[in-house]
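Residue-level structure breakdown
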Amino acid sequence: MTQPLHDRPLVTASIEIIDSFRGLATANISDNLDRQPGALGLQAFHDGTPMVGTAFTVKTRAGDNKAIHDALELIQPGDVLVVDGEGDSSRALIGEIICAIAKKRGAAGFVLDGAIRDKAAIAESDFPVFARTVIHRGPYKNGPGEINVPVSIGGMLVHPGDIVVGDLDGVVAFRPEQAEVLLASVRAQERKETEILQSIEAGLYKGAYT
C-alpha cells in the first residue's frame, strides 16, 4: 500500500518567480547550478512544450503504478508529478489515460524514471511527459509506494516542493529558496549569449570562452 501523505512543504518562492522560469533553457539553469543537477537518461515524449512547476514526488516499486494512482487523487494545480520508478523499463507506469487525468486536474507535467506507453498519443500532446523509455507492457497495481518523499530521478535528487523545469534538453530541479538568485543569473547568461551570437553574426567574435 501507499504510505500516508507527508505534509506538503511550504514553497518559499512566489508563483510569479516560479512561472518566470517557463521557457528558460534547462542548459542555462544547470550552468548556473555549477552544472551539477540533471536527470540522466530521460527525454521528452510530448510535443516539446516547456514545463515548470513544483515537485509532487512519488516513489514506487519497479513495474507498479498504484502509488501514481493514489497521487492523482492528491495533486494540486502546478504540481509536477516526479516519479521514482527505479529506472525500470520492463513495464509502462503511465500512458494516455493517466496523463489525461493529470492534465485535467491541473498538473504541470510528469517526470518519470521509468517507462511509458501510448507514445503516439503523448507525442501529439502539449502536456509535458519526460521518461526513460517506451514499452507496451502494462503495470501491476499492488504497491507499495510513498508520496512526498525525496526521490532519485536519473541520479538527480528531488525533494517535495522543489522547482522542476523541463525542455527538449531534459529536466533540472532545484530548491525554491534558490530561485530568485538563480533567475537573475540565468537571465544574465541569456543576455551574454545573445551578445555572443550577435558578435558571431557580425564577424566580431573574439573567443568569449577562452
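Refer to the preceding data block for the structure.
Described below are features of the structure shown in this document. Since we're looking at a predicted model, the values are computed, not measured. (Residues numbered from 1 in each chain as written. Predicted model: local features only at pLDDT ≥ 70, side-chain atom pairs only at ≥ 80, totals over all residues. Heavy atoms only, no water.)

1. Here's the deal with the overall build of the protein chain
Within the protein chain, the regular secondary structure consists of 6 helices and 11 strands. Its C-alpha atoms give the protein chain a radius of gyration of 18 Å, within 12% of the compact-globule value 17 Å for 210 residues. Dimensions of the protein chain along its principal axes, counting C-alpha atoms only, are 60 × 35 × 30 Å. Within the protein chain, the proportion of its 210 residues that are buried is 48%. In the protein chain, once contacts between residues fewer than 6 apart in sequence are set aside, the share between residues at least 24 apart is 75%. Computed over 20 positive and 28 negative side-chain charges, the inter-centroid distance for the protein chain is 4 Å. (Helix = DSSP H or I, 4+ residues; strand = E, 2+ residues; numbered from the N terminus. Rg over C-alpha atoms; globule rule 2.2 N^0.38 Å. Buried < 20%, exposed > 50% of the residue type's maximum accessible area, 1.4 Å probe, protein only. Contact = heavy atoms within 4.5 Å. Lys, Arg positive; Asp, Glu negative; His and termini not counted. Charge placed at Lys NZ, Arg CZ, Asp CG, Glu CD.)

2. Considering the packing of aromatic side chains
One pass over the full model with this rule turns up 2 aromatic pairs. When the ring of Phe110 is compared with that of Phe127, the centres are 6.4 Å apart and the planes differ by 85°; the resulting orientation is edge-to-face. Of this pair, Phe110 sits in strand S4 (residues 109-116) while Phe127 is found in the loop between helix H5 (119-123) and strand S5 (129-131), placing the two residues 17 residues apart along the sequence. For Phe110, a relative accessible area of 0% gives the class buried. Looking at Phe127, the relative accessible area reads 4%, which means it is buried. (Phe/Tyr/Trp six-rings, centres within 6.5 Å; stacked < 30°, edge-to-face > 60°.)

3. So, a nonpolar patch on the surface
Residues Leu197, Ile200 and Tyr205 make up a contiguous nonpolar surface patch of roughly 310 Å² in combined accessible area. Secondary-structure assignment places Tyr205 in the segment after helix H6 (179-201). (Patch = residues over 30% accessible without salt bridge, like charges linked within 9 Å, V, L, I, M, F, W, Y side chains within 5 Å. Areas by Shrake-Rupley, 256 points an atom, 1.4 Å probe, with all protein chains shown as cover. Salt bridge = Lys/Arg side-chain N within 4 Å of Asp/Glu carboxyl O.)

4. Here's the deal with the side chain of His46
Considering the arrangement of structural elements, one finds His46 in the loop between strand S1 (43-44) and strand S2 (51-60). Accessibility expressed as a relative area gives 7% for His46, which makes it buried. Within the local environment of His46, its side chain forms a polar contact with the backbone oxygen of Thr49, the two atoms lying 2.9 Å apart. In this view, His46 contacts Ile122, Ala123, Ser125, Phe127, Pro128, Val129 and Phe130; residues no more than four positions away in its chain are not counted. (Polar contact = N/O pair within 3.5 Å; in protein donor to acceptor, adjacent residues only side chain to side chain.)

5. Observations concerning unusual backbone geometry
In this structure, Pro144 follows Gly143 across a cis peptide bond, with omega equal to 0°. Among the secondary structure elements, Pro144 is positioned in the loop between strand S6 (133-134) and strand S7 (145-147). Look at Asn148: it is not a glycine, yet its phi comes out positive at around 60°. Residue placement: Asn148 occurs in the loop between S7 and strand S8 (151-153).

6. Considerations on H6
Over its 23 residues, H6 runs 33 Å from end to end, which matches the ideal 33 Å to within 8%, given 1.5 Å per residue. Restricting attention to buried positions, one finds in H6 the residues Ala179, Leu182, Leu183, Val186, Gln189, Ile196 and Ser199. If you follow the buried residues of H6, they end up packed against helix H1 (15-19), helix H2 (26-31), strand S10 (163-167) and strand S11 (170-174). Positioned one or two residues after H6, Gly203 has a phi angle of 75°, which is positive. (Expected span 1.5 Å × (residues − 1).)

Spatial relationships are all this shows, so hold off on functional conclusions.
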